[in-house]
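# What the coordinates show
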Amino acid sequence: MILQVAELLRFWNFNMEYDFIYDRHTGQFSIRLAAEHEVLGRFLLDEFGQQAGAYLPLLQQLSELKPSQSMQYQGKEFLLEIENGEVTLNHNTLFSETTEQLTAQQQQTLADDDLQLDQQGMTSQCGLEDLQKLLREWQQFLAD
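Residues numbered from 1 in each chain as written. Predicted model: local features only at pLDDT ≥ 70, side-chain atom pairs only at ≥ 80, totals over all residues. Heavy atoms only, no water.

## Some remarks on unusual backbone geometry
Glycine aside, residues mostly have negative phi, and peptide bonds are mostly found in the trans state. Let me state the cut-off plainly: Helix and strand assignments follow DSSP, with helices taken as H or I runs no shorter than four residues and strands as E runs no shorter than two, numbered in order from the N terminus.
You will see that asparagine 84, though not glycine, has its phi angle at about 50°, which is positive. Structurally, the position occupied by asparagine 84 is in the loop between β5 (78-83) and β6 (86-91).

Here it is in structure tokens:
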């Protein structure tokens, strides 16, 4: 007998593909997105958790946003910025500045040693409509 442990709901839209997962064994929800958008899933779960109602204030703000307006949402670990219908999500560490300027020699040494900040998994971009669709469907999945 096969025991189904997780329910999987798959969604596609023009720019973004994602899976919503509920693990019946652990009672946990998760989101699986393509690599270029996976930071968005981390942001949603870290910032708002698994309660459908926690997403309502953000959905409300996004629905009231006019196409020419800008908006920022500063989360615990990420900054969500919306400008002209484009969404950018950046991890807060990308905004930290060093107190000392590195010399050209030091910068070259870092580049040669591949010790530069790895930005993969720390930033993501999508359209406002894509984000709204993801949020509505995710919130509905959590509510069901």
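Back to the write-up after that little detour.
## Some words on the pattern of salt bridges
Under the convention used in this document: By definition here, a salt bridge exists when the distance from a side-chain nitrogen of Lys or Arg to a carboxyl oxygen of Asp or Glu is within 4 Å. Each residue gets one of three labels from its accessible area relative to the maximum for its type: buried under 20%, exposed over 50%, partly exposed in between, using a 1.4 Å probe on protein chains only.
Scanning the model with the defined rule gives 2 salt bridges in all. A salt bridge links aspartate 19 to arginine 32; its shortest N-O distance comes to 3.1 Å. Here aspartate 19 is found in strand β2 (residues 17-23), whereas its partner arginine 32 is found in strand β3 (residues 28-33), with 13 residues between them in sequence. With relative accessibility at 5%, the residue aspartate 19 sits in the buried group. The class for arginine 32 is partly exposed, based on a relative accessible area of 42%. Ionic pairing is found between glutamate 137 and lysine 133, a salt bridge with its closest N-O pair at 2.7 Å. Of this pair, glutamate 137 and lysine 133 are both found in helix α4 (residues 128-143), 4 residues apart, which corresponds to roughly one turn of the helix. On the accessibility criterion, glutamate 137 (18% relative accessible area) is buried.

## A look at the sheet that holds strand β7 (residues 123-127)
Selection criterion: Pairing between strands is defined by DSSP: at least two bridges between them are needed. To obtain an axis, a line is fitted to C-alpha atoms, over the contacting stretch when the element is a helix, and the angle between two such axes runs from 0 to 180 degrees between their N-to-C directions.
A sheet is described by the order of its strands in space; here 4 strands give the open sequence β4-β5-β6-β7, paired in antiparallel fashion. Pairing within the sheet leaves two strands with one partner each, and these edge strands are β4 (70-74) and β7. Neighbour to neighbour, the strand axes of the sheet diverge by 15° on average, direction disregarded. Examined bridge by bridge, β6 and β7 share 5 bridges and lie antiparallel to one another.

## A look at the environment of leucine 79
For leucine 79, the location among the structural elements is in strand β5. Note: C-alpha distance between leucine 79 and leucine 94 (15 residues apart in sequence) is 9.9 Å.

## With respect to the pairing of β4
Of the two faces of β4, the one holding Met71 and Tyr73 is buried and the one holding Ser70, Gln72 and Gln74 is not buried anywhere. Bridging between β4 and β5 involves 5 bridges; their strand directions are antiparallel. Each residue of the ladder has a partner; that of serine 70, found in β5, is glutamate 83. Between the end of β4 and the start of β5, which pair antiparallel, lie 3 residues.

These values are about where atoms sit, not about what they do.
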